[in-house]
Amino acid sequence: MTEDLTGQSPGPAAGPFPAGPDPYENRRQVLYWRLLARLLDGEEQPALESASLGVVEDIGLPSALLDPGTSLDSVVQRHPELAAEFDGLMTPEDVADGSRDRAAEVRHAALVSKVLLNVFATGSNAVTAEQLARWQSDAGWLERALGCPPGGLRGGRASGSGLDAGGLGPELASIEADLVGRMRLREVLADPALAARLTPSMSLIEQLLRDKGNLSGVALANAKSLIRRYVDEVAEVLRTQVAKATVGELDRSVPPKRVFRNLDLDRTIWKNLTNWSPEEERLYVDRLYYRHTVRRTTPQRLIVVVDQSGSMVDSMVNCTILASIFAGLPKVDVHLIAYDTRSIDLTPWVHDPFDVLLRTNLGGGNDGPVAMAMARPKIAEPKNTVMVWISDFYEFDRSQPLFEGIEAVHRSGVKFIPVGSVTSSGRQEVNPWFRERFKALGTPVVSGHINKLVHELKTFLT
């Protein structure tokens with residue numbers, strides 16, 4: 001007797017899923033074939049849909065897993081016991097004895113199919129604010145399934161994760177950008193109720209920054225509110241990273257401040273043990289010892305030059321926020337310059353990244369020499385200056401003049417740090433011509449991950 005797609009024998013006395021050559025493998029394949037069919041075509045295949053429903057119901061999972069219109073939040077709300085299964089769902093598992101739980105593999109296929117279908121089958125129609133919010137939530141579940149915090153792959157609030165899941169982050173960011181582009185953003189922003197449903201993300205912030213000149217009234221106010229929320233959330237993550245970075249050595253040439261909070265109780269007891277009186281059971285203290293808390297710091301000047309052309313929006317947002325954080329450190333003089341075909345000195349607003357972003361004009365070409373002409377006069381003491389230049393360095397006919405300016409700055413004693421991009425995923429693209437010359441100059445391009453730049457800057461400035 002032959003079996004159908006699910007591994008079920010058609011005979012009435014066979015039961016729901018009788019043992020066959022390998023019924024578990026049949027069921028697993030049915031679920032994955034359905035997933036591929038929906039991802040490639042989008043139309044339902046009745047035979048696969050019917051067979052998949054039979055598999056899901058037979059293994060005790062809700063049929064909502066097969067409905068692309070049902071968000072993962074809704075599934076978990078109705079079936080809270082599944083939440084733990086989605087966490088780490090797609091991370092590798094070590095099987096000590098090499099054995100396989102075939103029933104568990106079928107269940108795994110059903111859950112994985114739900115996550116992938118909700119995230120990658122986005123259609124091509126116009127997108128509402130509610131649909132964007134639902135996709136962002138589903139993408140968060142995919143990140144959790146891969147062992148990352150929500151937002152950890154797409155860039156944004158979880159930008160310290162350091163995970164990229166094999167380069168998936170940029171693909172998720174691209175899908176999100178496409179959804180934002182298909183949304184009637186101006187209409188959504190003009191309605192406070194709809195705008196409140198938006199969750200700020202890098203893709204959304206990029207679109208808001210590009211479109212801010214065409215917004216006014218309620219729409220502009222809602223756009224500013226979203227940008228402010230995003231800036232504050234990312235700033236909180238970056239402040240934590242800066243706080244954890246290496247700090248300067250203790251300056252033992254400065255006497256410790258003699259206050260109670262600096263009292264080194266363990267050392268005080270140890271040094272006075274010779275004064276212990278066994279008869280009285282009392283320790284007499286001749287001298288108190290205090291901890292050194294003052295650290296060696298020297299005034300430093302940090303000059304940040306950021307390419308604000310369209311491809312560098314991620315870097316512009318992150319570096320603007322990072323510059324404002326370092327500007328808050330004692331004895332650090334921070335200057336911020338943004339450029340495309342023109343350059344603008346944003347130093348007066350460096351303490352407020354929100355204000356800086358509203359003054360940027362994303363897009364256009366590149367003219368690095370113009371930015372260098374603005375940056376070089378800011379170098380007062382070369383040995384005491386660090387210049388961070390964030391760009392993809394595609395300058396075309398201006399490549400040689402820009403590199404000559406950079407080389408002169410470096411040889412004057414300035415610590416020059418070229419950065420390809422500053423993203424949470426670490427993805428970067430740098431003109432190979434510049435990359436090779438920076439390497440020969442002894443100033444290799446810093447990895448695009450924000451953590452690396454934080455470490456480089458904190459080490460130099462403290």
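Above this text is the structure in question.
This write-up is about the structure you can find in this document. These figures come from a predicted structure and were not determined experimentally.

### What about the overall build of the protein chain?
Within the protein chain one finds 18 helices and seven strands. When each of the 462 residues of the protein chain is scored for burial, the buried share is 46%. Here the contacts in the protein chain between residues at least 6 apart in sequence split such that 71% fall between residues at least 24 apart. Here the protein chain displays about 22,700 Å² of accessible surface, and carbon together with sulfur accounts for 52% of that area.

### Here's the deal with the packing of aromatic side chains
Enumeration according to the criterion identifies eleven aromatic pairs in this entry. Considering the side-chain rings of Phe393 and Phe438, the 5.0 Å spacing of their centres and the 70 degrees angle between planes classify their relative orientation as edge-to-face. One end of the pair, Phe393, is in the loop between strand 6 (385-390) and helix 16 (399-411); the other, Phe438, is in helix 17 (residues 432-441), with 45 residues separating them in the sequence. Among the residues examined, Phe393 registers a relative accessible area of 0% and is labelled buried. The class of Phe438 is buried, set by a relative accessible area of 0%. Relative to Phe438, the ring of Phe403 has its centre 6.2 Å away and its plane inclined at 50 degrees; by these criteria the two rings are tilted. Of this pair, Phe403 sits in helix 16 while Phe438 is found in helix 17, placing the two residues 35 residues apart along the sequence. For the pair formed by Phe403 and Phe438, the shared burial category is buried. Three or more aromatic residues link up through ring pairs in this structure, and these residues are Phe393, Phe403, Phe416, Trp433, Phe434 and Phe438. One cation-aromatic arrangement involves Arg144 over Trp141; the distance from NZ or CZ to the ring centre is 4.0 Å.

### Thoughts on the environment of Ile303
Examined against the element boundaries, Ile303 turns out to sit in strand 3 (residues 300-307). Here Ile303 falls in the buried class, since its relative accessible area comes to 0%. In this view, Ile303 contacts His335, Ala375, Lys378, Ile379, Thr385, Val386, Met387 and Val388; residues no more than four positions away in its chain are not counted.

### Points about the nonpolar core
Judged by nonpolar contacts, the single largest core of 88 residues is most densely connected at Phe86 and Leu198. Residue assignment places this core across two domains, with domain 1 (180-244) and domain 3 (300-461) each supplying three or more. Each residue touching Leu198, except ones within four places of it in the same chain, is listed here: Ala129, Leu132, Met183, Leu185, Val188, Leu189, Leu204, Leu226 and Arg229. Val305, Phe393, Ile406 and Val414 belong to the second largest nonpolar core, which has 22 residues in total.

### Observations regarding the environment of Arg411
Checked against the element boundaries, Arg411 lands in helix 16. A residue is classified by how much of its surface remains accessible, and Arg411, at 61% relative accessible area, is exposed.

### Remarks on helix 7 (residues 168-181)
Relative to the 20 Å expected for 14 residues at 1.5 Å per residue, helix 7 spans 20 Å between its end C-alpha atoms, a close match to the ideal helical length. When we look at burial in helix 7, the residues that qualify are Leu168, Gly169, Pro170, Leu172, Ile175, Glu176, Leu179 and Val180. Close packing links the buried residues of helix 7 with helix 5 (102-120), helix 6 (129-145) and helix 10 (202-211).

### Remarks on a nonpolar patch on the surface
On the surface, Trp33, Leu36, Leu39, Leu40 and Phe120 cluster together into a nonpolar patch covering about 530 Å² of accessible area. Here Leu39 is to be found in helix 1 (residues 23-40).

### Re the sheet that holds strand 6
Read from one edge of the open sheet, five strands run 5-4-3-6-7, paired in mixed fashion. What marks the edges here is a single partner per strand, and that holds for strand 5 (343-345) and strand 7 (415-419). Averaged over all neighbouring strand pairs, the angle between strand axes comes to 20 degrees, with direction disregarded. Both strand 4 (residues 332-339) and strand 5 contribute to a ladder of three bridges, which runs antiparallel.

### Concerning the pairing of strand 6
A large share of strand 6 lies buried, amounting to six of its six residues. Judged by which residues are buried, strand 6 turns out to be covered on both faces: Thr385, Met387 and Trp389 on one side and Val386, Val388 and Ile390 on the other are all buried. As paired elements, strand 3 and strand 6 share six bridges and run parallel to each other. Across the sheet, Val304 pairs through a bridge with Val388, a residue of strand 6.

### Topic: the pairing of strand 4
When you tally the buried positions in strand 4, you get seven out of eight residues, the bulk of the element. One ladder, built from eight bridges, connects strand 3 with strand 4; its direction is parallel. Considered in strand 4, the bridge of Val304 is made with Leu336. The turn linking strand 4 back onto strand 5 is made up of three residues.

### Notes on unusual backbone geometry
Leaving glycine aside, a negative phi is the common case for residues, and trans is the common case for peptide bonds. Unusually for a residue other than glycine, Glu281 sits at a positive phi of about 50 degrees. Its place among the elements puts Glu281 in the loop between strand 1 (276-277) and strand 2 (282-283). The backbone of Phe396 sits at a positive phi, close to 55 degrees, despite the residue not being glycine. The topology assignment puts Phe396 in the loop between strand 6 and helix 16.

Conventions we followed
- Residues numbered from 1 in each chain as written.
- Predicted model: local features only at pLDDT ≥ 70, side-chain atom pairs only at ≥ 80, totals over all residues.
- Heavy atoms only, no water.
- Helix = DSSP H or I, 4+ residues; strand = E, 2+ residues; numbered from the N terminus.
- Buried < 20%, exposed > 50% of the residue type's maximum accessible area, 1.4 Å probe, protein only.
- Contact = heavy atoms within 4.5 Å.
- Areas by Shrake-Rupley, 256 points an atom, 1.4 Å probe, with all protein chains shown as cover.
- Phe/Tyr/Trp six-rings, centres within 6.5 Å; stacked < 30°, edge-to-face > 60°.
- Lys NZ or Arg CZ within 6 Å of the ring centre and 35° of its normal.
- Core = buried A, V, L, I, M, F, W, Y, C linked by side-chain atoms within 4.5 Å.
- Domains from an automatic or database assignment.
- Expected span 1.5 Å × (residues − 1).
- Patch = residues over 30% accessible without salt bridge, like charges linked within 9 Å, V, L, I, M, F, W, Y side chains within 5 Å.
- Salt bridge = Lys/Arg side-chain N within 4 Å of Asp/Glu carboxyl O.
- Pairing = 2+ DSSP bridges.
- Axes fitted to C-alpha atoms, helices over the stretch in contact; angles between N-to-C directions.

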